[in-house]
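Descriptive structure summary
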Amino acid sequence: MLLSPEHIVLVKILLGLMLVLHLPYLALLFGNSLFSVIFRLLGRDRSDSDFTRFSGDLINTFASNIGVALLMGILPLLVIALLYSQLLFEANATTLIPMMIAFLPIVAGIILIYVYRSLVSKPGIVVTLTGALGVLILLAGYILLIASIVRFHDPEKWGFIRNPAHLLLGWNTIAGTNTYLTLSLATAGSGILFFFFKWTEKLKDVSKTYRDYVRNFGTIIGLLFALLTPVFFVWHLITLTDISYSMEFLGLAILFIVIMGMIVYQFSRMLEDSNAKAATRTFILTLIAFVVLIFGNQMAMENALKEHNASLFTKSETMLAELLPEREMEEGGGLMDFAKGEDVFKSVCSSCHRFDKKIVGPPYVAVLDKYENDIESLVSFVRNPQKVNPEYPPMANLGLKIAEAEAVAGYLIKTYQEEYK
Amino acid sequence: MKKLLITVYFLIFILIIVLLGGLWSTYRDAPDQPIAFSHKKHLTYVGLECDHCHQYAEVGLQPGIPAVSVCMDCHEAVATDSPEIIKLTEYWNRKEPVPWAGVYYLPQHVLFTHKRHIKKGIDCAECHGDMKVVEKVRQVRSLRMGWCVTCHRENGASDDCWTCHK
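On a plain count of helices and strands, chain B comes out with nine helices and zero strands. The linear arrangement of helices and strands in chain B, starting from the amino end, is α-α-α-α-α-α-α-α-α. Against the 2.2 N^0.38 benchmark of 15 Å for 166 residues, chain B shows a C-alpha radius of gyration of 21 Å, more extended than a compact globule. With respect to the principal axes defined by its C-alpha atoms, chain B has extents near 75 × 45 × 30 Å. A burial count over chain B gives 30% of its 166 residues as buried. Here chain B has roughly 10800 Å² of accessible surface; of this, 62% comes from carbon and sulfur atoms. The average position of the 19 basic charges and that of the 18 acidic charges among the side chains of chain B differ by 9 Å.

On the surface, a cluster of nonpolar side chains totalling about 540 Å² of accessible area is made up of Met1, Leu4, Leu5, Val8 and Ile12 of chain B. Mapping Leu5 of chain B onto the fold places it in helix α1 (residues 2-25).

Its location among the elements puts Leu41 of chain A in helix α1 (residues 5-42). Among the residues examined, Leu41 of chain A registers a relative accessible area of 36% and is labelled partly exposed.

Looking now at the packing of helix α2 (residues 50-62) of chain A against helix α9 (residues 208-238) of chain A. All names here are of chain A. Two elements in contact, α2 and α9, have axes separated by 11 Å at closest approach and are oriented at 60 degrees. On the basis of their axis angle, the class for α2 and α9 is oblique. Remark: the crossing between α2 and α9 carries right-handed chirality. Residues Asp50, Phe51, Arg53, Phe54 and Asp57 of α2 touch α9, and the partners they reach there are Tyr210, Tyr213, Val214 and Phe217. Of the residues in the contact of α2 with α9, the class split is six nonpolar, no polar and three charged.

Our next topic: the packing of helix α3 (residues 66-87) of chain A against helix α4 (residues 96-119) of chain A. All names here are of chain A. Across the interface, α3 lies against α4 with an axial gap of 10 Å and an inter-helix angle of 175 degrees. Considered as vectors, α3 and α4 are oriented roughly antiparallel to each other. Residue-level inspection shows Ile66, Ala69, Gly73, Ile74, Leu77, Leu78, Ile80, Ala81, Tyr84 and Ser85 of α3 in contact with α4, the latter providing Leu96, Met99, Met100, Phe103, Ile106, Val107, Ile110 and Tyr114. Counted by class, the contact of α3 with α4 contains 16 nonpolar, two polar and no charged residues.

The next subject is the confidence of the model for chain B. Residues and elements named next belong to chain B. Mean pLDDT for chain B: 88, with 99% of residues reaching 70 or above. The least confident element of chain B, judged by mean pLDDT, is helix α2 (residues 39-45) at 86; the most confident is helix α5 (residues 83-93) at 94. Across the interface, the model reports ipTM at 0.78; the global pTM reads 0.81.

As a note on interpretation, predicted positions should not be read in detail where pLDDT is low. Considering every residue of chain A, the mean pLDDT works out to 85; 92% of them sit at 70 or more. Taken element by element, chain A is modelled with least confidence in helix α12 (residues 306-328) of chain A, mean pLDDT 71, and with most confidence in helix α10 (residues 247-272) of chain A, mean pLDDT 93.

So, on to the environment of Asn178 of chain A. Relative to the helices and strands, Asn178 of chain A resides in helix α8 (residues 171-199). Given the relative accessible area of 23%, Asn178 of chain A is considered partly exposed.

Bringing the state of the cysteines into the picture now. The tally for this structure, following the rule as stated, stands at zero disulfides over all chains. Unpaired in terms of disulfides, Cys50 of chain B finds its nearest cysteine sulfur in Cys124 of chain B, a separation of 4.1 Å. There is no disulfide at Cys74 of chain B, and the cysteine sulfur nearest it, in Cys352 of chain A, is 6.5 Å away.

Right, let's talk about the environment of Lys315 of chain A for a bit. Residue and element names in this part refer to chain A. Topologically, Lys315 is positioned in helix α12. According to the relative accessible area criterion, Lys315 is partly exposed, its value standing at 33%. Taking the C-alpha atoms as reference points, Lys315 and Gly191, separated by 124 residues in sequence, lie 46 Å from one another.

Cut-off values and rules
Residues numbered from 1 in each chain as written. Chains lettered and ligands numbered in written order. Predicted model: local features only at pLDDT ≥ 70, side-chain atom pairs only at ≥ 80, totals over all residues. Heavy atoms only, no water. Helix = DSSP H or I, 4+ residues; strand = E, 2+ residues; numbered from the N terminus. Rg over C-alpha atoms; globule rule 2.2 N^0.38 Å. Buried < 20%, exposed > 50% of the residue type's maximum accessible area, 1.4 Å probe, protein only. Areas by Shrake-Rupley, 256 points an atom, 1.4 Å probe, with all protein chains shown as cover. Lys, Arg positive; Asp, Glu negative; His and termini not counted. Charge placed at Lys NZ, Arg CZ, Asp CG, Glu CD. Patch = residues over 30% accessible without salt bridge, like charges linked within 9 Å, V, L, I, M, F, W, Y side chains within 5 Å. Salt bridge = Lys/Arg side-chain N within 4 Å of Asp/Glu carboxyl O. Axes fitted to C-alpha atoms, helices over the stretch in contact; angles between N-to-C directions. Parallel < 35°, antiparallel > 145°, perpendicular 65-115°, else oblique. Left-handed = near helix turned anticlockwise from the far one by under 90°. Contact = heavy atoms within 4.5 Å. Nonpolar A, V, L, I, M, F, W, Y, C, P; charged D, E, K, R; others polar. pLDDT = per-residue confidence, 0-100. Disulfide = S-S within 2.5 Å.

The structure is reproduced here in structure tokens:
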């Protein structure tokens, strides 16, 4: 696989976009499905209770369209796995496997939640269990996905991950995963306020009690989890490996805390006076917090994998160098192009070699004898040098094109025979 | 009052991040070296092996930093007009060692021998990363005890305290 620097940049941009599309969607779906199931359980003995109604409203608002689930929940996940595989090509990143495994529970969880949504108007424990199972499976997949993304920051630990459970055995992963989970629930809270107040007119035909209840629930849940998020975030930073850090990364971390502060302030104001405008502001702020968190994660991974990125570039350079001479096979002047051979000798070989004198490498008179009747071996050696004599350092791979190697081999043998033999 | 409480709460987190930044700066991400030596060039393009320069890695505690004379074996003739090689030659002419900045440090209460790890077949890259692609060297492993012990257990090496703390 040939990854040019431009290709890698493109992959990173695309990956960032996919994560920004996918993770907030999962956050809203997971958080509000969870609340829906909880309220359905709370209102199970009272069919006309506000709890049951709220449960139905939640799931119908946040799991409304199967097309959205496909576009934002399932397809990006496939693209994310593919892009990470490209970025971590040959990195022996064992965390890629749990990420691939996460696809199954996330898809299964989304399907079950949509089944639950289609049955939510019907009573019965089976419907509740379907929803609960969907939420739990989705949560398992979400944790696996986030833990894998967080673990990409720490190549030191990759070698020790033998199964997906190992992924979670580390304070840094626990703190990082909880940062996403708490931010997800804060986003779900702000989502409740935004969707109920801004986008739908559903609350007009209901009592003030219900309206206040929805408002208070969204606000308190949002406030609580927005207050918790920085605790896990800073814990994640404290346990983060040194190589993931950079000054820019720390700047982004401070920006994240400032945004979380703004979110908490908005929520606290809405405890007293909630309106559609404030709800929109808070929802947008939580989405921005998500973007900053994702961008920070990508930056930490970029810092941690500097050597791996360099390795991809080097492989790309090597493969290009190997491909080019093959294309140039037909152009070469070959063994008889002495003028070209002399040029190559003067510009490249003479740094280390003379015919009759030791400099860095041996004098030609001591080594050319064996190639006199086997010039192809000399061409092959020049293109792919191996250490022969322990008294000398190994010869560098000079990256000569095949025509250049042939020309210099011809020149060396001819000059040796005519002037030094 | 509420605004003040929120501000104080979040300022605490910002303060912790600033402190973390201060601690991190002591880690020295890829220190500047007196000569911009490229491991990539020497390992990938020239084809040298690690022990060509770090001659004591297989036989001692420390891998050894090469003497200027080792560099001059080749650079007396190779790339003599490069600015970095001119700097190297100046050290050579003044008979001074190059004051390379250290990258990996272990506390004094830890006894680590390169020899034992190489004999066991641990590749240099396990701890130092793939040096064949590195231009500027930085510490790529935490060197924390948890990392050492986990690796010891994975490879069936002793995790007795006395193994490393003598």
